Amino acid sequence: MVNRERGFTLMEIVVVLAVFGAFLWIVVVLTADMRAWQKRMPVNFMTHPAITAVVSRLRKDVQDAAPPYYRETYGNYSMSNRMLIVYTLKEAGTGETVVWDFSTDGEVTRRAFTDISGATSTWTAHGTPTFSIGDFPIPGSPDSVRIQATDKDGKLAIDQIYQPRPH
Amino acid sequence: MSLYARGYNRHMARQRGFSLVEVLAALLVLAVVITTTMAMFVERQKRMQTANETILAYQAISNEIEVRRRIPYSQLETASPNFITDTAILNPLSPYAATVAVSPPNNSVKIVTISVRWRNGQRVERVAITRVDTGGSGLW
């Protein structure tokens, strides 16, 4: 009875392994390709709502800035590469001083101090990358601001230049 | 032959394996499922990659626009045809080409086209801005 049962021939095994091997090869190549690309690219922060909000609000504040544009100090705050103090116009035409505080890792805080009432408003975004603030000299526009952010691997993910618009 | 062996043989005789057509049909269905899944995976990956690369390209283009808007109208043609701003953000797209082209003036209007090409020129993002001779400089 045992003699009547046969297993797989070598050729059958080889063919099955070849087909399965080809399938595995495709999966491995695709995965390696994806990994290589992920290692090369920075994290796409622009898909993160909180980070997009930071960038958008900062852009608006700088573009709406009015003389004297920036302040070295305001209250207890001092301008640095982790803090921006900008004087900007509101929709009603009044001004406010805005302190953008990037000094806490993973957190960005916008504090606004209005001219008239001195009232303050505070808005904080969480889960943010490490931002830094600098200037970017453009001929004829010494008031440009450059905001940069890197991901946890140190890859530059955000690099944007804003400058105040004429009002 | 033992009673057990006789029973086993009868049992086996009643059992049929799959026919060649059945096996082929099953393999065809499996192949379609695997191919579709992998095609979806590859397409998703490709689109994600393109989207992320485009975001980097547009950041560089936006920065360059800020500078090109500030260059006086009369000096647009003589300004560098390469990006003046830092293009470190484009490093993941290497090799890439970041260029600026200025059209000849037409009714005191010049079109400044800012482009980034990568993947051997297969991917291109460009933005054209309009500069008008207002008699002054740095206006937009």
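Note: the structure precedes this text.
Cut-offs and rules
Residues numbered from 1 in each chain as written. Chains lettered and ligands numbered in written order. Predicted model: local features only at pLDDT ≥ 70, side-chain atom pairs only at ≥ 80, totals over all residues. Helix = DSSP H or I, 4+ residues; strand = E, 2+ residues; numbered from the N terminus. Contact = placed C-beta atoms within 7 Å. Nonpolar A, V, L, I, M, F, W, Y, C, P; charged D, E, K, R; others polar. Pairing = 2+ DSSP bridges. Axes fitted to C-alpha atoms, helices over the stretch in contact; angles between N-to-C directions. Parallel < 35°, antiparallel > 145°, perpendicular 65-115°, else oblique. Left-handed = near helix turned anticlockwise from the far one by under 90°.

Caption draft 1: Molecular detail of the overall build of chain B. Secondary structure assignment for chain B yields two helices and three strands. Counting from the amino terminus, chain B carries its helices and strands in the arrangement α-α-β-β-β.

Caption draft 2: A look at the interface of chain B and chain A. Taken together, the contacts link 20 residues of chain B with 20 residues of chain A. Per-element accounting of the side of chain B that touches chain A gives the leading share, 13 residues, to helix 2 (residues 20-70) of chain B. Residues of the side of chain B that touches chain A, tallied by class, amount to nine nonpolar, nine polar and two charged.

Caption draft 3: Spatial organisation of the environment of A:Asn76. Structurally, A:Asn76 is set in the loop between strand 2 (73-74) and strand 3 (77-78). With 66 residues separating them along the chain, A:Asn76 and A:Pro142 place their C-alpha atoms 25 Å apart.

Caption draft 4: Spatial organisation of the sheet that holds strand 3 (residues 123-132) of chain B. All names here are of chain B. In spatial order, the strands read 1-2-3; together these three strands make up an open sheet with antiparallel pairing. Of all the strands in the sheet, just strand 1 (96-102) and strand 3 have a single pairing partner and so form its edges. Looking at each pair of strands side by side, their axes are set apart by 10° on average, direction ignored. Where strand 2 (residues 109-118) lies against strand 3, ten bridges are found, and the strand directions are antiparallel. Its bridge partner being in strand 3, isoleucine 114 is matched across the sheet by valine 127. In this fold helix 2 packs onto strand 1, strand 2 and strand 3, with an angle of close to 20° to the strand it touches most, strand 3.

Caption draft 5: The arrangement of the packing of helix 1 (residues 10-40) of chain A against helix 2 of chain B in detail. At a minimum axis separation of 12 Å, helix 1 of chain A and helix 2 of chain B run at an interaxial angle of 15°. Looking at the two axes, helix 1 of chain A sits roughly parallel to helix 2 of chain B. Crossing angle aside, the handedness with which helix 1 of chain A passes helix 2 of chain B is left-handed. Contacts from A:Ile26, A:Leu30, A:Met34 and A:Trp37 in helix 1 of chain A reach B:Met38, B:Phe41, B:Val42, B:Gln45 and B:Gln49 in helix 2 of chain B. Along the lines of polarity and charge, the residues of the contact of helix 1 of chain A with helix 2 of chain B split into seven nonpolar, two polar and no charged.

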